There are 4 protein chains.
Amino acid sequence: MKIKGLAMLGIGKIGWIEKEAPECGPLDALVRPTVVAPCSSDIHTVWEGAIGERSDMFLGHEAIGEVMQVGELVKDFKKGDKVIIPAITPDWGSINAQRGFAQHSGEALGGWKFSNFKDGCFAELFHVNEADANLALLPDDIDPVSAVMLTDMTTTGMHAAELAEVKLGDTVCVIGIGPVGLNAVAGANLMGASHIYAVGSRPICAKVAKEYGATEVINYKEGDIVEQVLARTNGLGVNRVLIAGGNVDTFGQAISMLKPGGAIGSVNYLGSGEFVKIPRVEWVVGMGHKKINAGLTPGGRNRMEKLATLVQTGKYDPGKLITHRFEGFEKMEEALLLMKDKPSNLIKPVVVINW
Amino acid sequence: MKIKGLAMLGIGKIGWIEKEAPECGPLDALVRPTVVAPCSSDIHTVWEGAIGERSDMFLGHEAIGEVMQVGELVKDFKKGDKVIIPAITPDWGSINAQRGFAQHSGEALGGWKFSNFKDGCFAELFHVNEADANLALLPDDIDPVSAVMLTDMTTTGMHAAELAEVKLGDTVCVIGIGPVGLNAVAGANLMGASHIYAVGSRPICAKVAKEYGATEVINYKEGDIVEQVLARTNGLGVNRVLIAGGNVDTFGQAISMLKPGGAIGSVNYLGSGEFVKIPRVEWVVGMGHKKINAGLTPGGRNRMEKLATLVQTGKYDPGKLITHRFEGFEKMEEALLLMKDKPSNLIKPVVVINW
Amino acid sequence: MKIKGLAMLGIGKIGWIEKEAPECGPLDALVRPTVVAPCSSDIHTVWEGAIGERSDMFLGHEAIGEVMQVGELVKDFKKGDKVIIPAITPDWGSINAQRGFAQHSGEALGGWKFSNFKDGCFAELFHVNEADANLALLPDDIDPVSAVMLTDMTTTGMHAAELAEVKLGDTVCVIGIGPVGLNAVAGANLMGASHIYAVGSRPICAKVAKEYGATEVINYKEGDIVEQVLARTNGLGVNRVLIAGGNVDTFGQAISMLKPGGAIGSVNYLGSGEFVKIPRVEWVVGMGHKKINAGLTPGGRNRMEKLATLVQTGKYDPGKLITHRFEGFEKMEEALLLMKDKPSNLIKPVVVINW
Amino acid sequence: MKIKGLAMLGIGKIGWIEKEAPECGPLDALVRPTVVAPCSSDIHTVWEGAIGERSDMFLGHEAIGEVMQVGELVKDFKKGDKVIIPAITPDWGSINAQRGFAQHSGEALGGWKFSNFKDGCFAELFHVNEADANLALLPDDIDPVSAVMLTDMTTTGMHAAELAEVKLGDTVCVIGIGPVGLNAVAGANLMGASHIYAVGSRPICAKVAKEYGATEVINYKEGDIVEQVLARTNGLGVNRVLIAGGNVDTFGQAISMLKPGGAIGSVNYLGSGEFVKIPRVEWVVGMGHKKINAGLTPGGRNRMEKLATLVQTGKYDPGKLITHRFEGFEKMEEALLLMKDKPSNLIKPVVVINW
């Protein structure tokens with residue numbers, strides 16, 4: 001069987017192609033997407049060549065879908081089930097998973113398969129490894145359009161707060177308030193932060209940042225952000241800095257606004273630059289207990305189920321992130337190009353597919 | 001100089017007495033209370049003799065006040081400062097403080113001094129050890145009447161959530177929704193819980209529990225609470241159980257509704273009973289990784305400052321706990337007796353003193 | 001194909017039986033044991049009926065073996081490989097494994113399959129689920145006879161030290177110095193304990209306890225162990241208590257010798273008694289931060305590989321545990337009965353099988 | 001009263017001077033050194049100006065001594081007591097101490113007072129703040145000459161292992177095997193590491209490294225250390241890298257030899273260089289969960305008491321570090337200059353003073 005989808009043809013080039021449908025191993029599932037969203041990593045992958053050359057690979061790793069087929073060893077899912085498919089689908093038996101780092105199963109980042117080294121969800125059908133462990137049932141009381149945010153934006157953003165080990169009453173700075181950074185704000189807020197300084201400039205993002213718990217939005221266009229944060233904290237700095245934007249130089253700012261004993265939690269994909277440069281003096285000549293934690297979000301079923309409960313109980317609303325909605329499979333291309341253009345009123349587009 | 005105050009005269013007996021004013025050591029402060037609240041532990045202490053015999057000891061350990069005198073080594077506070085005085089005022093240099101357990105400075109529970117082994121705050125003046133470390137400035141933007149809740153109710157209740165290690169998306173049961181339990185609810189919610197089942201029966205408490213983040217109130221009068229919780233969790237139980245009420249037998253219920261790998265966080269003062277009984281089978285014959293954590297709240301300045309930021313940023317409102325307000329120093333007695341009587345519309349009374 | 005083995009026929013009864021050989025699923029392996037050891041849980045299971053009725057179930061869960069067959073999805077193992085098979089073989093994709101508790105995959109204790117709810121290794125052939133995740137290659141430089149200890153005794157005993165969170169310079173008491181308790185001693189020592197008080201009485205065990213790092217052996221026959229420990233610690237008690245023996249009442253002793261802020265780590269299978277009773281006063285009326293952690297050992301490949309490196313580097317010698325050695329498949333019965341009789345010179349018997 | 005001592009006169013210049021004896025506040029002690037050791041930070045301070053200009057400041061922060069006077073609030077020490085004085089003497093009531101970072105009391109590194117911003121121990125008498133919290137009795141069964149290592153070398157080196165969160169069976173690389181690095185080796189070994197690759201070149205250090213638990217010494221003169229480590233670990237790298245030597249560029253090597261999910265623990269004082277440069281690709285584009293932890297050792301009484309128990313129980317021998325021994329107060333200068341010259345047979349010199 002042939003399936004159609006939107007693919008990266010090579011660096012800088014996308015197009016609609018047909019490929020042989022994936023096969024379903026005994027532990028696997030084949031899923032048809034019903035809601036998808038393009039991600040800025042798709043943009044990095046195609047137009048910046050961030051992960052190197054790829055040809056004829058279906059893009060996309062954020063999807064809600066319907067199970068079309070399951071392997072003979074799959075127990076908990078069946079054809080017709082409506083499911084959340086996390087962007088990160090680990091090999092759960094791997095050594096790194098046993099070590100507690102399933103997202104690095106096989107090798108570093110090995111849990112990130114879709115549109116990385118395997119066909120993604122911008123296709124009529126896509127393959128999910130270890131279905132029982134990597135699919136989550138979409139609860140009836142969650143809007144599938146909102147739910148697609150959980151697969152990557154929510155889990156990635158909130159992981160920044162986890163990496164920074166946010167504690168009750170902590171003062172936090174979040175650098176970057178695109179869709180991931182907004183979820184870093186939400187994560188810090190959900191984990192008990194008091195003051196949350198969100199660094200960004202676009203009004204639409206600033207608005208959602210405040211709705212997600214930011215107590216103040218700091219505009220980097222109005223002055224050095226380190227100085228702005230220190231001015232608000234009696235020169236003491238913050239307990240945690242979450243990095244969800246910027247580049248390799250952002251870490252220097254983060255270190256400079258951090259208290260001794262504080263921590264950075266970064267989920268930013270660093271696409272370029274040879275070094276992340278940690279300023280020696282501000283890092284207290286290597287003796288200040290300013291932790292630097294950075295990593296790919298966890299994935300898998302349990303993660304999705306837990307995040308879904310935050311939506312079900314009304315404690316977190318992923319729908320706020322969605323600024324643009326498209327209808328129809330073929331609109332994937334338009335949505336992706338919108339993501340590439342990044343107009344000032346965009347947080348996140350979704351594409352709803354009615355089969 | 002003589003000072004007047006409301007004292008425990010002996011087990012079962014309170015009265016107004018005069019005593020010599022405390023002396024102010026070089027690190028200490030003398031404080032005049034401006035808002036105080038009675039605590040159910042005052043009731044245990046006096047009418048149940050829970051900590052043994054005491055005579056002519058001023059009661060009370062929840063106060064906002066004004067600094068009247070400081071020792072010559074005190075740097076950060078001066079006469080006239082409006083301050084929050086935590087119920088727990090550790091000796092910060094002690095070995096147990098260095099081990100990370102300042103609340104047990106000197107000996108187990110040694111950080112709990114007021115109305116335990118030292119005169120409390122139901123007096124015209126009271127003594128605070130290590131003033132720089134155990135006082136916190138009352139921020140201008142916090143109502144002192146609300147702030148008195150931080151000194152014990154807030155910090156104790158939220159410590160239950162800390163002890164249980166509540167994580168993003170956890171399902172939590174809170175047993176007991178008196179003023180401490182309500183703060184356990186608030187703490188669980190602030191730390192990222194999704195479903196929070198609050199066990200209690202009084203409508204006034206149920207109302208505040210929901211405002212603090214409980215998703216459902218379970219009435220123990222309507223059936224076994226273990227069964228009620230299991231029914232709501234597909235028989236799987238919850239990730240965390242916070243204990244802020246009940247007695248030694250409550251732990252058996254908590255264990256029975258806990259998932260393997262879950263944790264109990266208890267802050268309940270267990271006043272009677274020879275044993276806390278952990279049911280062997282439900283505890284998975286000792287092999288289920290159901291952690292049991294129980295302890296006295298941390299105290300001191302940093303703790304109060306951090307909790308205050310939650311109020312300042314609007315993320316937590318301690319004022320919801322206050323159902324009864326008295327005016328005047330001499331009303332301490334009436335407030336205490338109200339606490340003893342515990343009418344159904346009571347959460348917490350306060351006494352405001354205008355000198 | 002029929003295979004022969006030593007089975008539990010019913011409570012109180014063992015015998016040699018033949019059964020149909022297990023089938024090998026796509027992820028699985030079939031293994032022929034080359035070294036096995038009986039475990040005291042086999043004794044509990046058969047003669048105390050600790051896990052309830054079982055009929056015609058092959059016993060045994062400690063084995064070194066040779067891979068005879070692998071499923072078609074197995075990548076890292078092949079026929080002929082010499083392997084360590086952990087007693088605990090989790091389902092790594094399960095929700096509980098994703099939560100960090102693989103030993104409870106499926107349900108509490110669900111990772112413990114052999115001779116619990118599945119045929120064990122006292123047979124000509126046995127089945128291993130998720131072979132890539134649950135087998136470990138036996139390194140050439142490790143004696144297979146010693147290595148069989150890693151599968152359960154080592155990992156279980158050391159888990160007690162992990163559960164108790166032993167830190168550099170901690171003072172530790174280990175209650176019980178059978179083969180698991182001796183490994184608790186070794187674990188505490190490897191994790192940095194200074195004083196290690198090992199509670200036991202048999203000379204052979206006392207000798208190995210000292211070789212494994214115990215600084216003193218306390219004989220419970222010479223007086224109350226709580227008093228003996230307090231006498232050695234200026235009445236302060238210890239930082240950690242590891243429980244690897246005794247019964248439900250042992251926890252009371254452990255709590256009584258623990259400092260505030262200390263922790264119990266228990267790996268004891270509690271076979272009888274309705275309640276584990278925590279003494280209220282010694283538990284500091286529920287406010288002393290005396291943690292109670294208890295759980296089944298982790299299992300799986302990574303665990304075995306890591307423990308094996310301790311042997312390879314000469315930092316831990318499991319061979320010290322082996323006091324009795326049998327040769328021949330049929331000697332399993334004699335070895336098991338020896339374990340049942342528990343003569344005073346026994347720590348652990350092994351059976352070496354030459355096919 | 002005037003006291004004499006060896007002082008930094010200015011950058012690049014030392015000399016013997018007389019100063020007014022320090023005063024003893026109510027919480028303090030005055031101590032006469034009986035054993036001291038120079039530290040390479042004294043060298044950095046004087047000859048590299050690492051902490052800036054200082055004039056007429058007594059050097060030295062590693063000492064065993066005798067209490068000559070205590071303040072009126074000191075309870076646990078008296079004139080004549082033999083004591084261990086940690087290099088780090090925090091203000092225990094400070095906010096940062098309450099946050100768990102006493103070494104940063106007051107400000108970052110504020111717990112490091114001696115020969116930093118306060119007169120050190122190379123004098124006839126020196127001042128110790130908060131004596132009850134910052135002195136430890138020297139146990140009778142510990143050699144005072146060995147014990148002086150505990151004050152800085154031991155605690156600092158072992159903190160590297162703590163920062164890297166070494167776990168049972170971890171494979172560890174220690175970069176730098178001067179006296180601090182050797183203790184990092186000992187710390188990793190005491191915390192349960194299996195393979196320990198110690199990077200260094202001097203035979204005397206290599207010998208002690210092996211005695212302290214290193215399984216192999218890697219000589220950086222024999223090739224790139226990253227390649228040497230990867231070659232020994234099947235290209236997978238190590239779980240932990242402890243940095244106790246090198247410079248700002250050492251972190252790049254450490255990151256390159258670290259597994260995803262691993263951690264760096266650094267205690268190196270970074271004296272020069274603008275940036276610590278983290279290689280972006282080897283840091284897995286910021287998504288590999290390679291933690292970077294770096295900080296000043298904890299200090300204070302409890303730390304010294306716990307380390308002393310490791311010596312008392314024979315689990316750690318600080319005496320192995322001492323290669324040169326001088327007798328007499330005036331030999332401080334010679335010992336310091338020896339530290340400056342760093343001959344190939346030097347690990348650590350001590351000066352024993354007989355008053």
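Note that the structure is predicted; figures quoted are calculated from it, not measured.

## Observations regarding the relation of the copies chain D and chain A
Reasoning step 1: When chain D is fitted to chain A, the residual RMSD is 0.0 Å, and the transformation amounts to a turn of 180 degrees plus an axial shift of 0.0 Å. Classification of the inter-copy transformation places it as that of a two-fold axis.
Reasoning step 2: The fraction of interface residues of chain D whose copies in chain A are also interface residues reaches 100%, indicating that both copies meet through the same surface.

## Points about the relation of the copies chain A and chain B
Think of it as a corkscrew move, a rotation about one axis and a shift along it, taking one chain copy to the other.
Reasoning step 1: It takes a turn of 180 degrees to lay chain A on chain B, together with a shift of 0.0 Å along the axis; the resulting RMSD is 0.0 Å.
Reasoning step 2: Both copies share a contact surface, since 100% of the interface residues of chain A are interface residues in chain B too.

## Observations regarding the interface of chain A and chain B
Reasoning step 1: The partner chain B presents 21 residues to the 21 residues of chain A that form the contact.
Reasoning step 2: Overall, the association of chain A and chain B removes approximately 1,700 Å² of surface from exposure, summing both partners, and the carbon and sulfur fraction of that is 60%.
Reasoning step 3: Connecting chain A to chain B are 2 salt bridges.
Reasoning step 4: At the boundary of chain A with chain B, the tally comes to 14 residue pairs in polar contact (both at pLDDT 80 or more).
Reasoning step 5: Counting residues per element, the ones that place at least two in the side of chain A that touches chain B are α5 (153-163), α6 (179-190) and α10 (301-312) of chain A.
Reasoning step 6: Per-element accounting of the side of chain A that touches chain B gives the leading share, 3 residues, to α10(A).

## A word on the confidence of the model for chain A
Reasoning step 1: Chain-level pLDDT for chain A is 97 on average; 100% of the residues reach the 70-or-more range.
Reasoning step 2: Scoring of the predicted complex yields 0.98 for pTM and 0.97 for ipTM.

## Side note on the sheet that holds strand β1 (residues 2-10) of chain B
All names here are of chain B.
Reasoning step 1: Ordered by their spatial adjacency, 3 strands build an open sheet running β2-β1-β4, and the pairing between neighbours is antiparallel. At either margin of the open sheet sits one strand with a lone partner, and together these are β2 (13-20) and β4 (57-58).
Reasoning step 2: Judged from the 8 bridges that link them, β1 and β2 form a sheet pairing that is antiparallel. When the bridges of β2 are listed, Ala-7 appears paired with Gly-15.

## A word on the packing of helix α1 (residues 40-48) of chain B against helix α11 (residues 332-341) of chain B
Residue and element names in this part refer to chain B.
Reasoning step 1: The interhelical angle for the contact between α1 and α11, taken along N-to-C directions, is 85 degrees, at an axis separation of 9 Å. Regarding the angle of α1 to α11, the classification is roughly perpendicular. On the side of α1, the interface is formed by Ser-40, Asp-42, Ile-43 and Trp-47, while α11 contributes Leu-336, Leu-337, Met-339 and Lys-340.
Reasoning step 2: Class assignment of the residues belonging to the contact of α1 with α11 gives a composition of 5 nonpolar, 1 polar and 2 charged.

## A look at the state of the cysteines
Reasoning step 1: Under the counting rule described, the total for this entry stands at 0 disulfides over all chains.
Reasoning step 2: Cys39(B) takes part in no disulfide bond, and the closest cysteine sulfur, belonging to Cys121(B), lies 10 Å away.
Reasoning step 3: There is no disulfide at Cys173(C), and the cysteine sulfur nearest it, in Cys205(C), is 15 Å away.

## Things to note about the interface of chain D and chain A
Reasoning step 1: Contacts between the two partners involve 46 residues from chain D and, on the opposite side, 46 residues from chain A.
Reasoning step 2: Between chain D and chain A lies a buried interface of about 3,700 Å² when both sides are counted; carbon and sulfur atoms form 64% of it.
Reasoning step 3: Counting the surface chain D buries against chain A, the share from its top three residues, Arg280(D), Met287(D) and His289(D), is 21%.
Reasoning step 4: Where chain D packs against chain A, one counts 0 salt bridges.
Reasoning step 5: The interface formed by chain D and chain A holds 26 residue pairs in polar contact (both at pLDDT 80 or more) in total.
Reasoning step 6: Where the side of chain D that touches chain A is concerned, the elements lending two or more residues are α5 (153-163), β13 (258-266), β14 (275-279) and β15 (291-294) of chain D.
Reasoning step 7: Here the side of chain D that touches chain A is built from residues that sort into 22 nonpolar, 17 polar and 7 charged.

Rules and cut-offs
- Residues numbered from 1 in each chain as written.
- Chains lettered and ligands numbered in written order.
- Predicted model: local features only at pLDDT ≥ 70, side-chain atom pairs only at ≥ 80, totals over all residues.
- Heavy atoms only, no water.
- Least-squares fit on C-alpha atoms with pLDDT ≥ 70 in both.
- Contact = heavy atoms within 4.5 Å.
- Buried area = accessible area lost by both parts, 1.4 Å probe.
- Salt bridge = Lys/Arg side-chain N within 4 Å of Asp/Glu carboxyl O.
- Polar contact = N/O pair within 3.5 Å; in protein donor to acceptor, adjacent residues only side chain to side chain.
- Helix = DSSP H or I, 4+ residues; strand = E, 2+ residues; numbered from the N terminus.
- pLDDT = per-residue confidence, 0-100.
- Pairing = 2+ DSSP bridges.
- Axes fitted to C-alpha atoms, helices over the stretch in contact; angles between N-to-C directions.
- Parallel < 35°, antiparallel > 145°, perpendicular 65-115°, else oblique.
- Nonpolar A, V, L, I, M, F, W, Y, C, P; charged D, E, K, R; others polar.
- Disulfide = S-S within 2.5 Å.

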